[in-house]
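# Fold and geometry: a report
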Amino acid sequence: KIMSETEDQQLEGFVGDLHRDFILKKAIEKKERFEYWATQHMRVSGIYWGMTALDTLNHLSDMEDLSKVAQFVLSCQNEDGGFGGNVGLDSHLLYTLSAIQVLYMVDGVDGINLDGLVEWVASLQNDDGSFSGDKWGETDTRFSYCAVSSLSLLKRIDAINTEKAIDFILRCQNFDGAFGVNPGAESHAGQTFCCIGTLAILDATDQIDVDNLGWWLSERQVNDGGLNGRPEKLADVCYSWWVLSSLACIGKLHWIDKQKLIDWIHKCQDYETGGISDKPQNVSDIYHTCFGITGLSLLGEEGFAQVNPKYCMTNNTLAKYGL
Amino acid sequence: MLEKDAKNYHAWTIRQWALKFFGLWDNELEYVDKLLNLDVRNNSAWNQRFFVIESTTGYTNEVLKAEIIYTQEKLKRGSNNTSAWNYLRGLAKVSSYNELPEIEEFCVEKLESTWGITCGQLYVTLIDIYTKSGDHEKLATAIEYCEKLQSGLDDIHKKYWIYRKTTLEKLIA
């Protein structure tokens, strides 16, 4: 996809209908496409990204057969209680959270084997408060977020040791105020969202220096308006979510130059096929479409449903189960 | 893996785990140095420096002084290097600007050079130093520097510098 400079200048604004069509096409993607098979191990997350984008655009009702989606996702729950990324795949916290989020959107939460799930999530908490993603043991602050968010959505947060969970998160804070994957790891905006989201859900953001963190987060905005994930790296649309939601959770969203970021995200849209890509002029995908749209919602773009910065789900959807 | 992509986050995660698990600290600082010579803006390498030193010698006075010189040398290769400035400010966090007066001396000296016109991070650092000093005159200068950043040198972060200026003004009032 090559666009001349003049063509580029003429295309402005948010093309929501194109993105809706892009996502709906993906929902009935033909199995002959390479992308379908390359992402089959994370199908449940793919569904979450697509549906969250539609939900934020107020187009969830354009999706057909939501009960079929519920059926499919529920069939990804394994005997150990966790969810795999697709039918018959091993349980993992990443896909367990995505599954719960999708089931919220398709009214399928009641079909979950709840006790099984809660027991499995709780079993993944380690002595130091961290969480392993699955039975193989790797720890990562992403998994803390997945565990805490999952249980919070299911109103079973009491099943884990929340104090130790907070403790571990705090140990992942670096001198620059931001957070990494494990203690000592480089500060990274995605990991930072997972840590701040966890603290926010557990009502513990008062335990960190928010001014320090707020500066590191707003420093992610580079001169062309986009956001990067770490110092000296390039801007990427997904950080529109990871950075903005973190700032929202600590009440510093106003530190970003909003209009410049909105304009930059708009430039990442594919005006021909729809969808949003990681950077201007690149190929669009469901993941960046989701986080570009949820980012724009946080920035106050008109006509979007309000997205909750802690859960990356619309408030409308969260209200269904009283959250 | 890191040879092909020296900032690969996942690779660094595994490297840190392996270093801790197998206790392979001996040549790691040398490796970090090699990476920084290839790309002085490699944020992962700067973080690794912190990780290795904290896990081995710790930031003794001797180490702090040596690290300040190291960082200053690296800054001379490119003044607007956020990662290097972050590391320099991080050293002061482990200790304090009072214990490490050479940081302030270095910054004040550089004000007279072209860095005073082009290097936003120089002012960011001086604002950090002066905020922590508690000295009224220095606080007033910090306010001036906030204005300098918000009005051109770092205007993408204008809103933050306006907030920072307001906070400093309250300290003087």
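Right above here is the structure, for reference.
The structure contained in this document is the topic of the report that follows. This one's a predicted model, so the numbers in the text were calculated from it and none came from an experiment.

Rules used throughout
- Residues numbered from 1 in each chain as written.
- Chains lettered and ligands numbered in written order.
- Predicted model: local features only at pLDDT ≥ 70, side-chain atom pairs only at ≥ 80, totals over all residues.
- Heavy atoms only, no water.
- Helix = DSSP H or I, 4+ residues; strand = E, 2+ residues; numbered from the N terminus.
- Phe/Tyr/Trp six-rings, centres within 6.5 Å; stacked < 30°, edge-to-face > 60°.
- Buried < 20%, exposed > 50% of the residue type's maximum accessible area, 1.4 Å probe, protein only.
- 1 Å grid on protein atoms, 1.4 Å probe; cavity = no way out; pocket = protein on both sides within 12 Å on 5 of 7 lines; lining within 4 Å.
- Points joined across faces, edges and corners; volume = space filled by probe spheres on them.
- Nonpolar A, V, L, I, M, F, W, Y, C, P; charged D, E, K, R; others polar.
- Salt bridge = Lys/Arg side-chain N within 4 Å of Asp/Glu carboxyl O.
- Contact = heavy atoms within 4.5 Å.
- Buried area = accessible area lost by both parts, 1.4 Å probe.
- Expected span 1.5 Å × (residues − 1).
- Polar contact = N/O pair within 3.5 Å; in protein donor to acceptor, adjacent residues only side chain to side chain.

We now examine unusual backbone geometry. A negative phi angle is the norm for most residues apart from glycine, just as the trans form is the norm for most peptide bonds. All names here are of chain A. Unlike most non-glycine residues, D107 shows phi in positive territory, near 55°. As for its placement among the helices and strands, D107 is situated in the loop between helix 6 (93-105) and helix 7 (114-123). One non-glycine residue, E232, lies in the positive phi region at around 65°. Mapping E232 onto the fold places it in the loop between helix 11 (210-218) and helix 12 (239-249).

For the structure shown, the criterion picks out 28 aromatic pairs over all chains. For the ring pair W242(A) and F291(A), a centre distance of 4.7 Å and an interplane angle of 40° mean the geometry is tilted. Note that W242(A) is positioned in helix 12 and F291(A) in helix 14 (residues 286-298), a separation of 49 residues in sequence. W242(A) sits in the buried class, given a relative accessible area of 15%. Consider the rings of Y123(B) and Y145(B), whose centres lie 4.9 Å apart with planes at 75°: the pair is edge-to-face. Of this pair, Y123(B) sits in helix 8 (residues 120-133) while Y145(B) sits in helix 9 (residues 136-153); the two residues are 22 residues apart in sequence, bridging distant segments of the chain. Each member of the pair, Y123(B) as well as Y145(B), carries the same accessibility label: buried.

Any empty space left between atoms is shown by rolling a water-sized probe over those atoms. In this structure the tally under the stated criterion is 2 cavities of 30 Å³ or more. Along its surface, the largest cavity is lined by F175(A), D176(A), E186(A), S187(A), W216(A), P231(A), N43(B), W46(B), N47(B), S83(B), N86(B) and Y87(B). Counting only elements with at least two residues in the lining of the largest cavity, the list comes to helix 3 (43-55) and helix 5 (82-94) of chain B. For the lining of the largest cavity, a count of residues per class yields 5 nonpolar, 5 polar and 2 charged.

A separate point is the pattern of salt bridges. Counted under the stated rule, the structure contains 20 salt bridges over all chains. Between K320(A) and D107(A) there is a salt bridge, with the nearest N and O atoms lying 3.2 Å from each other. Within this pair, whereas K320(A) is found in the segment after helix 15 (315-319), its partner D107(A) is found in the loop between helix 6 and helix 7, the two being separated by 213 residues in sequence. Exposure remark for K320(A): the relative accessible area of 40% places this residue in the partly exposed category. Owing to a relative accessible area of 53%, D107(A) belongs among the exposed residues under this scheme. With a shortest N-O distance of 3.0 Å, K165(B) and E147(B) are connected by a salt bridge. Taken as a pair, K165(B) in helix 10 (residues 158-172) and E147(B) in helix 9 lie far apart in primary sequence, 18 residues in all.

Time to look at the interface of chain B and chain A. Often, the extent of an interface is quoted as the loss of accessible area upon association of its parts. The interface is formed by 29 residues belonging to chain B together with 31 residues belonging to chain A. Here chain B meets chain A over a buried area of about 2,600 Å², counting both sides, of which 53% is carbon and sulfur. The three residues of chain B that bury the most area against chain A are Y9(B), I156(B) and Y160(B), which together make up 28% of that side's buried surface. In this structure, the salt-bridge partner of E232(A) is R41(B), at a minimum N-O distance of 3.4 Å. For the side of chain B that touches chain A, the secondary-structure elements that each account for two or more residues are helix 1 (9-22), helix 3, helix 5, helix 8 and helix 10 of chain B.

Once that is clear, we can look at helix 1 of chain B. Relative to the 20 Å expected for 14 residues at 1.5 Å per residue, helix 1 of chain B spans 20 Å between its end C-alpha atoms, a close match to the ideal helical length. Burial in helix 1 of chain B covers these residues: Y9(B), A11(B), W12(B), T13(B), Q16(B), A18(B) and L19(B). Where helix 1 of chain B is buried, its residues meet helix 10 (189-201) of chain A together with helix 2 (28-38) and helix 3 of chain B. Measuring from the side-chain oxygen of the N-cap residue of helix 1 of chain B to the backbone nitrogen of H10(B) gives 3.1 Å; that N-cap residue is N8(B). Just beyond helix 1 of chain B, the residue with positive phi is G23(B), at close to 65°.

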